[in-house]
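Residue-level structural notes
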Amino acid sequence: MQNNLDYAAAQMMPALVTALYTRTTVFGLNALLYALGSTPCPLGAPSYSALGIAASALAQDTRALTAESLAHLAERGMLDSAQFAEEVTWLLLHQDVLTNRVLGTLQDAASVSPLAGWRIVQVLENMLPAVSDINRGGSFVQLLAQLAGEYGVSIKIPEVLRPKMKGSTVLAKSLRALEKLRPHPTELAEKARQHAMELL
């Protein structure tokens, strides 16, 4: 099942790239996103890359479906936050994937449920070391600081970003806000913990 979905995702790459530039529904894309979101098997790099590209689709309904697929994976304990972060980071650095669209998709996914939000925190934390090289990467740190505060967690600032903390850029301000966070209990975190425990 996993190999089949990864193969399907790889085969859909030309259509996925088309979705970055057209508002019309790309044939087969919605079916792929539904399948990725509901799979009972671990996903591989091609599938996470497909989700990353779809997160930046021009059509709002495609991005919304991508957010739902990510949230559904997260709620079932099937989202590999590190691997998804790796694929999204590479796409943001090397492809025509836009920060504002991906950011909106991650925000939408995080809003679906407490556990989905927590997994998006982990995705953003894994993206941290590369944010200074991403166009408008400070926006991802800004979202991470917001969500981490809501979940009552502290996030370690990677050493590579320490020199970027000075100044008045969005990145600098967001990194300083992130560094100030201290662990504390929150209702959102407790709900996410309870949901995660139910999956064990």
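Calculation criteria
- Residues numbered from 1 in each chain as written.
- Predicted model: local features only at pLDDT ≥ 70, side-chain atom pairs only at ≥ 80, totals over all residues.
- Heavy atoms only, no water.
- Helix = DSSP H or I, 4+ residues; strand = E, 2+ residues; numbered from the N terminus.
- Buried < 20%, exposed > 50% of the residue type's maximum accessible area, 1.4 Å probe, protein only.
- Contact = heavy atoms within 4.5 Å.
- Axes fitted to C-alpha atoms, helices over the stretch in contact; angles between N-to-C directions.
- Parallel < 35°, antiparallel > 145°, perpendicular 65-115°, else oblique.
- Left-handed = near helix turned anticlockwise from the far one by under 90°.
- Nonpolar A, V, L, I, M, F, W, Y, C, P; charged D, E, K, R; others polar.
- pLDDT = per-residue confidence, 0-100.
- Core = buried A, V, L, I, M, F, W, Y, C linked by side-chain atoms within 4.5 Å.
- Arc of directions from axis to C-beta.
- Salt bridge = Lys/Arg side-chain N within 4 Å of Asp/Glu carboxyl O.

Time to look at the side chain of Thr105. Within the secondary structure layout, Thr105 lies in helix 7 (residues 99–110). For Thr105, a relative accessible area of 1% translates into the label buried. When near neighbours in sequence (up to four residues on either side) are disregarded, Thr105 contacts Ala55, Arg63, Thr66, Ala67 and Leu70.

This part is about the packing of helix 9 (residues 138–151) against helix 10 (residues 170–180). Relative orientation of the contacting elements helix 9 and helix 10 amounts to 20°, with a least axis distance of 8 Å. On the basis of their axis angle, the class for helix 9 and helix 10 is roughly parallel. Relative to helix 10, the crossing made by helix 9 is left-handed. Residues Gly138, Ser139, Val141, Gln142, Leu144, Ala145 and Ala148 of helix 9 form the contact with helix 10, whose participating residues are Val170, Leu171, Ser174, Leu175, Ala177 and Leu178. Of the residues contributing to the contact of helix 9 with helix 10, the split by class is nine nonpolar, four polar and no charged.

Moving on: the packing of helix 6 (residues 81–94) against helix 8 (residues 114–127). Here helix 6 crosses helix 8 at 50°, and the two axes come no closer than 8 Å. Accordingly, the angle class assigned to the pair helix 6 and helix 8 is oblique. Both helix 6 and helix 8 take part in a crossing whose hand is right-handed. On the side of helix 6, the interface is formed by Ser81, Ala82, Phe84, Ala85, Val88, Thr89 and Leu92, while helix 8 contributes Arg119, Gln122, Val123, Asn126 and Met127. Here the contact of helix 6 with helix 8 is built from residues that sort into seven nonpolar, four polar and one charged.

Quick look at the environment of Ala196 now. Tracing the chain through its elements places Ala196 in helix 11 (residues 187–198). Along the primary structure Ala196 and Pro114 are separated by 82 residues, whereas in three dimensions their C-alpha atoms are 9.8 Å apart.

Another point: unusual backbone geometry. It is generally the case that most residues other than glycine have a negative phi and that most peptide bonds are trans. The phi dihedral of Arg136 falls on the positive side, at around 55°, and the residue is not glycine. On the secondary structure map, Arg136 appears in the loop between helix 8 and helix 9.

Our next topic: the confidence of the model for the chain. For the chain, per-residue confidence averages 95 on the pLDDT scale, and 98% of positions sit at 70 or higher. Between the elements of the chain, mean pLDDT differs from a low of 86, seen in helix 1 (residues 2–11), to a high of 98, seen in helix 7.

What follows is about the nonpolar core. By size, the foremost hydrophobic cluster in this structure holds 66 residues, and its most contacted members are Leu51, Phe84, Leu106, Leu124, Met127, Phe140 and Leu178. In terms of residues, this core owes the most to one element, helix 9, which gives eight residues. With residues near it in sequence (within four places) discarded, Leu51 still touches Leu33, Leu36, Leu43, Thr66, Ser69, Leu70, Leu73 and Phe84.

A few words now on helix 3 (residues 29–38). Among all positions in helix 3, only Leu29, Leu32, Leu33, Leu36 and Gly37 are buried. Down the axis of helix 3, the buried side of the element spans an arc of 130°, and every buried residue falls inside it. Away from its buried face by more than 90 degrees, helix 3 exposes Ala31 and Tyr34.

Right, let's talk about the pattern of salt bridges for a bit. Under the counting rule described, the total for this entry stands at four salt bridges. Note that Arg162 is salt-bridged to Glu179, the shortest N-O span being 2.4 Å. Of this pair, Arg162 sits in the loop between helix 9 and helix 10 while Glu179 sits in helix 10, and the two are 17 residues apart along the sequence. Residue classification places Arg162 among the partly exposed residues on the basis of a relative accessible area of 30%. In the salt-bridge network here, residues are joined through shared partners; they are Glu159, Arg162 and Glu179.

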